[in-house]
Amino acid sequence: MSVESTPWGETQSAVVPGISAPSSVACLRSLGKRGIRTIAASSDETTPAFSSRYCDESVLVPSPHDDLVAYKDALLSLAMRPDVLTIIPVREEDVYVLARYREEFQEHVSTPWPEFDTLAGVQDRIRLFEAAENAGVAAPDTRLLDDSVEWNPEEEWIVKARYSILGDGYVDCEPESCVAPPSTRYLPPGVTPDVDALTEEMGHVPLLQEFMPTTDEYGFFALYDHGEPLATFQHRQRRGWSYAGGPSAFRESVRIPDLEESGLALLDELDWHGLAMIEFLRDEETGEFKLMEINPRFWSSLPFSVRAGADFPYYYWLLAAGEEDRIDHEYRANIGGHLLRGELLYLHSVLTDEVDLVEPPAFSSALSDVAESLWEHPRFDYFQTDDVRPFIRDMRNTYGAFRDQ
């Protein structure tokens, strides 16, 4: 499929869901700077995406958390417009809807995302860890919570959702229902979990996983075309939104052969198509990269990938347009970048959070580390001088969230 002029504008358009993560704005900036028309679709009028100078059109749509089918119908309505070439998934709900109803979308737009069964092999973490074992990719001991296990008082475990999204393709619920599973629970050593209570709380039988006592987290990012890698990127997360980890607040680009080998082996085993961000933790004793999860859509730190030279939104557009041969992927290693809101949340977590199994750093040390890295690596996800309004909007949203707590 080639990019052609349409009555709606000089070029065909891309639909970008507008969310609180900076990935939406990164897509608008990447495509808009190349003259590609952008449509931001969101249920939230305060999304930073609507503030970007590179947002050509903003459309209010139902929230997927209120009615997933209504959200799908809104995206499908946009897909039916003659100017729209493709839709870009930036969260689990997006890629779930696009894959679940792929046949409806493929009648109207290019679909560089996986078939639903392939997606399920990633969003269902039991299937994901089975694929990792088949691919020879290391992973922590992981099983269903209701499996029998000998409780050693010295062993440490976490309880996490089996599915990255609770939709009718995975659990017993209505098609309109879409629930983000509860956060990971850290089990104190030697404590036997209440299986029934945790199952009820999470809406399904969750996973029991070996706790890895490290915050040495790495990401492997890729765009695949029916089992063939088109572009890859790597970063090391230096700080998350919490001192225990979580989404990235500060990270640096890296190029590590063993990390690439593990990432490619897993995606090859899955016969992957589309976007993927694989999260690994590095074992402190062996140096081995161990699989945590895969996000089958754009990642929250996407602006940093683009700043480092790996322009994945444009790569995605080229794949959608049938021009994947034009993808020229390269990036700079050993540079860093920040999400300023994430840095504030990190410092707030050091002051206020108590996470079982993880000791917080001293606040003075945490503050010094943040200040030093901001000085040495002045690259920011939202703040750009040619498009400053999304940064202002994000800061206003962050202030409002803290004020309302």
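Values in this document were obtained by computation on a predicted structure and should not be read as measured data. (Residues numbered from 1 in each chain as written. Predicted model: local features only at pLDDT ≥ 70, side-chain atom pairs only at ≥ 80, totals over all residues. Heavy atoms only, no water.)

Asks: Teacher, can you tell me more about the pairing of strand S12 (residues 274–282) here?
Replies: Side-chain positions along a regular strand alternate between the two faces of the sheet. By the criterion of burial, S12 is predominantly enclosed, with eight of the nine residues buried. Pairing geometry for strand S9 (residues 217–225) and S12, over eight bridges, is antiparallel. Bridging from a neighbouring strand, Gly 219 pairs with Glu 279 of S12. Alignment of S12 against strand S13 (residues 289–295), held across six bridges, turns out to be antiparallel. Bridged to Leu 281 within S13 is Lys 290. As consecutive antiparallel partners, S12 and S13 are separated by six residues, and within that stretch Gly 287 has a phi angle of approximately 75°, a positive value. (Buried < 20%, exposed > 50% of the residue type's maximum accessible area, 1.4 Å probe, protein only. Helix = DSSP H or I, 4+ residues; strand = E, 2+ residues; numbered from the N terminus. Pairing = 2+ DSSP bridges.)

Asks: Which parts of the structure should I look at to understand the sheet that holds strand S8 (residues 207–210)?
Replies: Sheet architecture is open: four strands sit in the order S5-S8-S6-S7, paired in antiparallel fashion. Two strands bound the open sheet, and with one partner strand each, they are strand S5 (142–144) and strand S7 (185–187). For this sheet, the mean angle separating the axes of adjacent strands, direction not counted, is 25°. In this sheet, S7 lies alongside strand S6 (residues 157–160) in antiparallel orientation, the contact comprising three bridges. Residue pairing for S7: Trp 157 is matched across the bridge by Leu 187. (Axes fitted to C-alpha atoms, helices over the stretch in contact; angles between N-to-C directions.)

Asks: Could you clarify how one ought to interpret the confidence of the model for the protein in this entry?
Replies: Keep in mind that low pLDDT regions are not for reading the predicted coordinates in detail. Overall, the predicted model of the protein reaches an average pLDDT of 91, with 94% of residues at or above 70. Long-range and interchain partners of residues 1–9, a stretch whose pLDDT sits below 50, account for 24 contacts in this model, where long-range means more than four residues apart. (pLDDT = per-residue confidence, 0-100. Contact = heavy atoms within 4.5 Å.)

Asks: Just to check I follow, could you spell out the environment of Asp 172 for this structure?
Replies: With respect to the helices and strands, Asp 172 occurs in the loop between S6 and S7. Residue classification places Asp 172 among the exposed positions, given a relative accessible area of 83%. In sequence terms Asp 172 and Gly 203 are 31 residues apart; their C-alpha atoms lie 9.2 Å from each other.

Asks: What exactly am I supposed to notice about the sheet that holds strand S3 (residues 57–60) here?
Replies: As a general point, the strands of a sheet are linked pairwise by backbone hydrogen bonds and lie either parallel or antiparallel. Read from one edge of the open sheet, four strands run S3-S2-S1-S4, paired in parallel fashion. One side of each edge strand has no neighbouring strand; the edge strands of this open sheet are S3 and strand S4 (84–87). Neighbouring strand axes in the sheet, compared pairwise and without regard to direction, differ in orientation by 25° on average. Of the strand pairs in this sheet, strand S1 (residues 13–17) and S4 are connected by three bridges, and their pairing is parallel.

Asks: Quick question: what am I supposed to make of the nonpolar core here?
Replies: Considering soluble globular proteins, one finds that nonpolar side chains tend to be buried as a cluster. The biggest cluster of nonpolar side chains holds 79 residues, and the ones touching the most others in it are Ile 88, Phe 105, Tyr 170, Leu 223, Phe 298 and Phe 312. Setting aside anything within four residues of it in sequence, one finds Phe 298 in contact with Ser 23, Cys 27, Ile 88, Pro 89, Val 90, Leu 275, Phe 312, Pro 313 and Tyr 316. Grouped together as the second largest cluster of nonpolar side chains are 23 residues, Leu 128, Val 254, Leu 259 and Phe 280 included. (Core = buried A, V, L, I, M, F, W, Y, C linked by side-chain atoms within 4.5 Å.)

Asks: Which parts of the structure should I look at to understand unusual backbone geometry?
Replies: With the exception of glycine, most residues fall at negative phi, and the peptide bonds are largely trans. Positive phi outside glycine occurs at His 226, with the angle close to 45°. In this structure, His 226 sits in the loop between S9 and strand S10 (228–242). With relative accessibility at 56%, the residue His 226 sits in the exposed group. The backbone phi angle of Asp 271 is positive, close to 50°, even though this residue is not glycine.

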